[in-house]
Amino acid sequence: MSIQQAFFDLLRGALPSNRPNLAQEVAAILHLSETSAYRRISGHTQLSVDEMAKLAEHFGVHPEYLFDRHAARDVRFEWQSDETKETSYKTFLSWLERHLASIKTEHCTAIFHAKDFPVFFNFIFPEIAAFKSYFWNKTFFGLSAYKARKFTTSQLTEDTRKRGFLVFKSYAAIDSQELWNDDILNSVLQQIKYCHEAGYMASEDETGALLTYLSKLVNHFQVMAEHGCKFLPAEKPNGGKLELYHNKVILGDNTLLLEESERRTVYLSQNIVETLITSDPAFYQNAFTIKQNLIKHSMLLSNSSEQERSRYFDRLRARIATAQLELRI
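Residues numbered from 1 in each chain as written. Predicted model: local features only at pLDDT ≥ 70, side-chain atom pairs only at ≥ 80, totals over all residues. Heavy atoms only, no water.

Let us now look at the overall build of the protein. The number of helices and strands found in the protein is eleven helices and eight strands. With the C-alpha coordinates of the protein rotated into their principal frame, the extents come out at 70 × 50 × 40 Å. Residue pairs in contact within the protein that sit at least 24 positions apart in sequence constitute 74% of those at least 6 positions apart. Total accessible area computed for the protein in this model is approximately 16,600 Å², and 50% of it derives from carbon and sulfur atoms. Within the protein, one finds 38 positive and 40 negative side-chain charges whose respective centroids are separated by 3 Å. (Helix = DSSP H or I, 4+ residues; strand = E, 2+ residues; numbered from the N terminus. Contact = heavy atoms within 4.5 Å. Areas by Shrake-Rupley, 256 points an atom, 1.4 Å probe, with all protein chains shown as cover. Lys, Arg positive; Asp, Glu negative; His and termini not counted. Charge placed at Lys NZ, Arg CZ, Asp CG, Glu CD.)

Here we come to helix 7 (residues 158–172). For the α-helix, the turn length of 3.6 residues means that residues three or four positions removed from each other point alike. For helix 7, with 15 residues, the first-to-last C-alpha span of 21 Å sits near the 21 Å given by 1.5 Å per residue. All of the buried residues in helix 7 are T160, G164, V167, F168, Y171 and A172. Across the axial projection of helix 7, the buried residues extend over an arc of 130°, all falling on one side. (Expected span 1.5 Å × (residues − 1). Buried < 20%, exposed > 50% of the residue type's maximum accessible area, 1.4 Å probe, protein only. Arc of directions from axis to C-beta.)

Moving on, we come to the pairing of strand 7 (residues 274–278). The buried fraction of strand 7 amounts to four of the five residues, a majority that puts the element mostly inside the structure. Relative to strand 7, strand 1 (residues 78–80) is paired through three bridges, and the arrangement is antiparallel. Bridge pairing in strand 7 places Q80 opposite T275. Summarising the sheet, strand 6 (residues 264–270) and strand 7 pair through five bridges and their orientation is antiparallel. Residue pairing across strands places S269 opposite T275, the latter belonging to strand 7. (Pairing = 2+ DSSP bridges.)

That is the geometry; function is a separate question.
Written out as structure tokens, the structure is:
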């Protein structure tokens, strides 16, 4: 990639979301026609030093690292967080809903390197989302309203259920590559065990029901992998493409890469329930390269490798069965 191309990638990362056309922005700043701007963006016309300086000042970027790729540099992140925490899960879902609604799904692809199964899938069975909401509010945030509250699978509000459904539908429309490990269920199973042993469940039946829904979710994961797309259990398999990979070595973290026509964004998990977001092109490219290398060393489970796919999901079901035995459910 040339320095000029890398510079315009920097500008794309700094482009305001309400002004998505880079050529129009460049034309206005440099007092050029859009055709002339396109020629500079595509590399057919050389960008002058003065033009680069003017664009860098306008967009607030620092192109000097392009000339020294080993130099340390700052990366700008947005921080998704709820300061009050009183409506944390609802706020988180509203933020997810807004972000996904702004994406033109037909021009977008995603790479998700997952330590836990992606939050978008919680709402395939809302009872699992109800538990996640309860666990976040009671343990991470320690909300007073949850001090004496017991968990039941029916406690999710209708508003939260609808928001979660929209979040899943939006994500399901995006073509995605998912990198999962054998430990993908570890977190949720440990959370269920903790709540059961701490007496936070309304009854043993609630724990049993939750583990049953988790088994159903694993079964549906397998069906989606077989069809190679994302969809709800009651629907026909016609959602966005799903390439599910089994990574046997690297557990990694919950990292989502979204690539749209004009923008590339990295979402990083922070403090379990918060998210850091950046559109820095160098940061994105580094993350993308690492994920592509991991994919090359992973087993594709969707649309092929039926035997390996069955073995993988059998192992996940065995984890749930072990938890049921341990909790005597």
